[in-house]
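# Structural overview for review
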Amino acid sequence: MVELAAITGAHGVAGEVRLKLLGEGIDALRQHDHFNGGALTLTKLRPDNKGGAIARFAECRDRTAAEKLRGTVLTVPRQQLPELGEGEYYHADLIGLTAETDKGRRVGAVIAVHNFGATDIVEIALDPPPAKGMKAIMVPVTRQAVIGWDDTRLVICEDFADQ
């Protein structure tokens, strides 16, 4: 399952909810009308003009029901997402991959993908974890740092694997 948004709270009294968008924005949500294995049916969606969205679900009829959904993450199966072009990826595709260097040294596993504004950054839990110091490294997803990836591994430049 791939996470596309999270419900942050109720909006108004008619059962609408505020969404924090986790994907490519509101257009990524509009491609789907069912979330969480069919538990939520999207009936209305609009931007909130603050980088998020306001949504209405058929199963949510009033503010009390909307408040109960706070913290719910909206998910869809990976196979329902559009095919990607060369060099593109979904964060969910990288998480869990074994990380190794271009010299063949195993570093650890990808545990998260962050974006603080400039570019995506993969967080790699070191394996084995060192007795002292940092237990993970962060590597920018750039051509210089991330050589490539497939279904089982992510290859990074040895220079970015220094601990």
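Because the structure is a prediction, the values reported are computed rather than measured.

## Quick notes on the packing of aromatic side chains
Taken as a whole, this structure holds two aromatic pairs when the rule is applied. Note on phenylalanine 35 and phenylalanine 57: the rings are 6.4 Å apart at their centroids and 90° apart in plane angle, and the pair reads as edge-to-face. Placement of phenylalanine 35 in strand S3 (residues 34-35) and of phenylalanine 57 in strand S5 (residues 53-57) is noted, with a sequence separation of 22 residues between them. Judged by centre distance (5.2 Å) and plane angle (85°), the ring pair of tyrosine 89 and tryptophan 149 falls under edge-to-face. Linking tyrosine 89 in the loop between strand S6 (73-76) and helix H3 (91-94) with tryptophan 149 in strand S11 (residues 146-149), this pair joins segments that are 60 residues apart in sequence. Take tyrosine 89: its relative accessible area is 18%, and that puts it in the buried class.

## Describing the pattern of salt bridges
With the rule as written, the count across this model stands at 12 salt bridges. Glutamate 16 is paired through a salt bridge with arginine 46; the nearest N and O atoms lie 2.8 Å apart. Note that glutamate 16 is positioned in strand S2 (residues 16-21) and arginine 46 in strand S4 (residues 40-47), a separation of 30 residues in sequence. Here glutamate 16 falls in the buried class, since its relative accessible area comes to 8%. Of the charged contacts, one joins glutamate 158 and arginine 105 as a salt bridge, the two residues approaching to 2.9 Å between their closest N and O atoms. Here glutamate 158 is found in the segment after strand S12 (153-156), whereas its partner arginine 105 is found in the loop between strand S7 (98-101) and strand S8 (106-115), with 53 residues between them in sequence. A relative accessible area of 17% means that glutamate 158 is categorised as buried. Here arginine 105 falls in the partly exposed class, since its relative accessible area comes to 32%.

## Things to note about unusual backbone geometry
In this structure, the amide linkage connecting aspartate 127 to the following residue, proline 128, adopts the cis form with an omega of 5°. For proline 128, the location among the structural elements is in the loop between strand S9 (120-126) and strand S10 (136-140). Positive phi is not limited to glycine here, since asparagine 36 has a value of about 55°. One can find asparagine 36 in the loop between S3 and S4. Given the relative accessible area of 25%, asparagine 36 is considered partly exposed. Within the chain, asparagine 49 stands out as a residue other than glycine whose phi angle is a positive 65°. Of note, asparagine 49 is situated in the loop between S4 and S5.

## Some points on the sheet that holds strand S1 (residues 2-11)
Strand order in the open sheet made by the six strands is S3-S4-S5-S2-S1-S6, with antiparallel pairing throughout. Only two strands of the sheet have a single partner each, and these edge strands are S3 and S6. Direction of pairing for S3 relative to S4: antiparallel, over a ladder of two bridges. Counted as the bridge partner of phenylalanine 35 is leucine 40 from S4.

How each quantity is defined
Residues numbered from 1 in each chain as written. Predicted model: local features only at pLDDT ≥ 70, side-chain atom pairs only at ≥ 80, totals over all residues. Heavy atoms only, no water. Phe/Tyr/Trp six-rings, centres within 6.5 Å; stacked < 30°, edge-to-face > 60°. Helix = DSSP H or I, 4+ residues; strand = E, 2+ residues; numbered from the N terminus. Buried < 20%, exposed > 50% of the residue type's maximum accessible area, 1.4 Å probe, protein only. Salt bridge = Lys/Arg side-chain N within 4 Å of Asp/Glu carboxyl O. Pairing = 2+ DSSP bridges.

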